[in-house]
Amino acid sequence: MSFDRRLALAVLCAAAADLAAIGLTATATWMIVRAAGHPPLAALSVAIVAVRTLAVVRGGLRYADRLVGHDAVLGKAGEARARSYRTLAARPHRHGGAALAAVVTDVNDAQEFLLRRQLPRLAAAVTGGLTVAVTAVVSPVAGLVLAAGLGITGLVLPRLVPPVPPSAHAALSAYALDLTRGRDDLVVLGAFDRHRAEAAAVSRAAAARQRHVTTRASATTAAAILVQAATAVVVLLVSGAGGPTAAALALTALGAIEVTLQLLEPLRRPPPLAAVEPVPQAPLTDELRLDRVSARTLRELTVTVHKGQRIAVVGPTGAGKSTLLDLMTGLLPPESGQVTGRASGNHDDAWVFAAPIRTNLRLANPRAGDDELLAALTTVGLDVDLDTDATTLSGGQRQRLLLARALLADPPILVLDEPVAALDPASADEVLLAALEHATGAVVLVSHRLAALAAVDEVLVLDQGKIVQRGPHTDLAITPGPYRDALLIEQAATFPQATSCPQIDAAPVSPAQTR
Ligand SMILES: Nc1ncnc2c1ncn2[C@@H]1O[C@H](COP(=O)(O)OP(=O)(O)OP(=O)(O)O)[C@@H](O)[C@H]1O
């Protein structure tokens with residue numbers, strides 16, 4: 001059954017349950033007042049049967065209302081949640097934990113809004129309409145009075161209740177994380193007290209907003225209860241009907257308005273559940289082309305990655321290297337130009353999961369046996385047990401693990417963003433060369449180490465979003481320009497005592513030799 005039909009059924013069940021409750025109260029009131037006049041029992045028999053029937057039916061209808069309503073709304077929320085998770089999973093590091101928390105809150109809010117506002121609102125409209133109609137048949141004036149009372153409590157007063165302000169939960173969670181995980185850094189920087197004071201201010205502001213909403217909602221509810229009582233009294237006075245009927249009409253008015261009081265509960269106003277759309281992920285390809293692509297700092301870049309090709313991307317900080325990889329992996333859509341094909345691999349902030357090393361590695365290749373996992377670890381020079389908790393690894397060991405994971409995934413085009421930045425220069429070069437040798441597909445590597453780049457086919461030198469030099473390492477190493485300058489600096493740092501730079505003039509290492 002479609003969502004709309006299930007929602008309509010839920011509205012009917014809720015309205016029927018409300019009407020049964022109102023009918024029960026009104027009939028019981030009529031019976032009690034009538035009984036006070038000591039009529040023959042036969043005069044009450046229909047009312048007695050009606051009270052018994054409504055008492056039983058009311059429970060069943062309320063159960064059906066909860067069952068059908070929750071089934072419809074939770075089903076819809078479940079679909080929205082799955083869509084949101086797919087979206088986040090497709091663009092993981094564009095979002096982070098705060099976005100995940102926001103999505104969870106949004107979907108919960110939307111679910112609450114549907115269950116506690118939309119459904120009751122529709123049910124109250126049906127219940128209100130029918131009770132006004134029945135009252136008007138008995139006494140048109142009483143019907144008008146009830147309609148006016150319902151209009152005030154069901155339409156006017158709910159507008160005076162402010163929505164619950166956006167949750168400060170995400171901001172406070174971020175502060176809590178900073179103050180616990182980042183405590184030592186904040187203390188060393190002398191910023192701990194300031195940070196704690198900011199968190200306290202955010203918390204106080206959130207509490208003040210919440211108090212404002214609660215105060216307004218309480219005042220509105222009090223006003224609605226006064227209107228409810230006044231309506232019942234006026235109905236009693238103006239109905240012109242006999243005692244039992246007038247009493248029944250007054251209780252009907254009380255019950256009908258009671259249904260609208262739930263509309264005064266303040267709720268957060270969420271986005272519609274259908275708002276989050278999944279991001280279609282293009283399949284991985286073994287060739288990739290960026291055609292005059294611009295994004296962030298990158299300006300009209302054209303790059304082609306051929307099957308099996310090894311490309312290195314170098315350049316100063318902020319040049320756009322990570323942006324280029326984000327475009328290649330589809331994490332970042334181009335602002336202009338066209339990207340054809342998709343790569344996969346490690347971004348510069350890849351995540352190590354709080355689980356054994358085996359589990360972390362199997363994420364990349366669930367079918368890999370322990371031998372294969374150990375071989376990948378050997379390639380990157382990580383000598384640890386597969387059962388070791390990955391969170392206990394040092395910074396350098398984590399990088400090696402992430403690289404091993406990327407190699408195990410073995411996509412047709414593998415992108416690696418500074419995969420050895422945390423290693424000492426000698427180990428960095430060694431691990432880079434081993435990784436390039438073991439990757440079976442094409443590799444696009446962002447690296448600050450230049451010595452190992454003799455093993456790639458082409459080096460792209462980026463600066464301020466543009467390619468300023470490109471070619472094989474051996475050519476660039478002897479061409480005056482930024483690449484040669486950076487290489488000289490690197491070699492001077494690696495061989496501080498040397499008067500000349502031995503590697504620049506050394507025989508070039510062809511990519512084929514190193515694979
Ligand atoms: N998520 C983002 N949103 C907007 N701009 C960004 C984002 N990430 C990076 N940038 C900007 O894009 C530019 C290029 O950043 P990018 O990370 O691609 O440089 P990079 O060459 O990889 O630098 P580094 O070597 O420091 O990692 C920078 O000016 C940066 O401020």
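Model, not experiment: these values are computed from the prediction. (Residues numbered from 1 in each chain as written. Predicted model: local features only at pLDDT ≥ 70, side-chain atom pairs only at ≥ 80, totals over all residues.)

Let's talk about the UniProt feature "transmembrane region" (unreviewed entry) in the chain
- According to UniProt, the feature "transmembrane region" (unreviewed entry) maps to residues 41-61 and 119-138 in the numbering used here.
- Within the segment residues 41-61, helix and strand shares are 95% and 0% respectively, and the terminal C-alpha atoms sit 29 Å apart.
- Along residues 119-138 one finds 100% helix and 0% strand; the C-alpha atoms at either end are 29 Å apart. (UniProt positions renumbered as here; feature names shortened; annotations may be inferred. Helix = DSSP H or I, 4+ residues; strand = E, 2+ residues; numbered from the N terminus.)

What about the site of the ligand?
- For the ligand, the full set of nearby residues is Arg296, Thr297, Gly315, Thr317, Gly318, Ala319, Gly320, Lys321, Ser322 and Thr323.
- A per-class count over the shell around the ligand returns 1 nonpolar, 7 polar and 2 charged. (Near = placed C-beta within 6 Å. Nonpolar A, V, L, I, M, F, W, Y, C, P; charged D, E, K, R; others polar.)

Details of the sheet that holds strand 1 (residues 288-295)
- Ordered by their spatial adjacency, 3 strands build an open sheet running 2-1-4, and the pairing between neighbours is antiparallel. Where the open sheet ends on each side, the last strands, each with one partner, are strand 2 (298-305) and strand 4 (336-340). On average, adjacent strands in this sheet sit at an angle of 15° to one another, irrespective of strand direction.
- Both strand 1 and strand 2 contribute to a ladder of 5 bridges, which runs antiparallel. Opposite Leu288, over in strand 2, you have Val305 as the bridge partner.
- Contacts from helix 9 (residues 321-328) reach strand 1, strand 2 and strand 4, with the element oriented near 125° to strand 1. (Pairing = 2+ DSSP bridges. Axes fitted to C-alpha atoms, helices over the stretch in contact; angles between N-to-C directions. Contact = placed C-beta atoms within 7 Å.)

So, the sheet that holds strand 8 (residues 458-463)
- Read from one edge to the other, the open sheet built from 6 strands follows the order 5-6-7-3-8-9, with strand pairing classed as mixed. Strand pairing shows two members of the sheet lacking a second neighbour, strand 5 (344-346) and strand 9 (466-471), which therefore form its edges. Between one strand axis and the next, the sheet turns by 20° as a mean value, whatever way the strands run.

Here we look at the packing of helix 5 (residues 169-181) against helix 7 (residues 192-238)
- The interhelical angle for the contact between helix 5 and helix 7, taken along N-to-C directions, is 160°, at an axis separation of 10 Å. With respect to each other, helix 5 and helix 7 are oriented roughly antiparallel. With respect to the hand of their crossing, helix 5 and helix 7 are arranged in left-handed fashion. Each of Ala171, Leu172, Tyr175, Asp178 and Leu179 in helix 5 lies in contact with helix 7, whose residues at this interface are His195, Arg196, Ala199, Val202 and Ser203.
- Classifying every residue of the contact of helix 5 with helix 7 gives 6 nonpolar, 2 polar and 2 charged. (Parallel < 35°, antiparallel > 145°, perpendicular 65-115°, else oblique. Left-handed = near helix turned anticlockwise from the far one by under 90°.)

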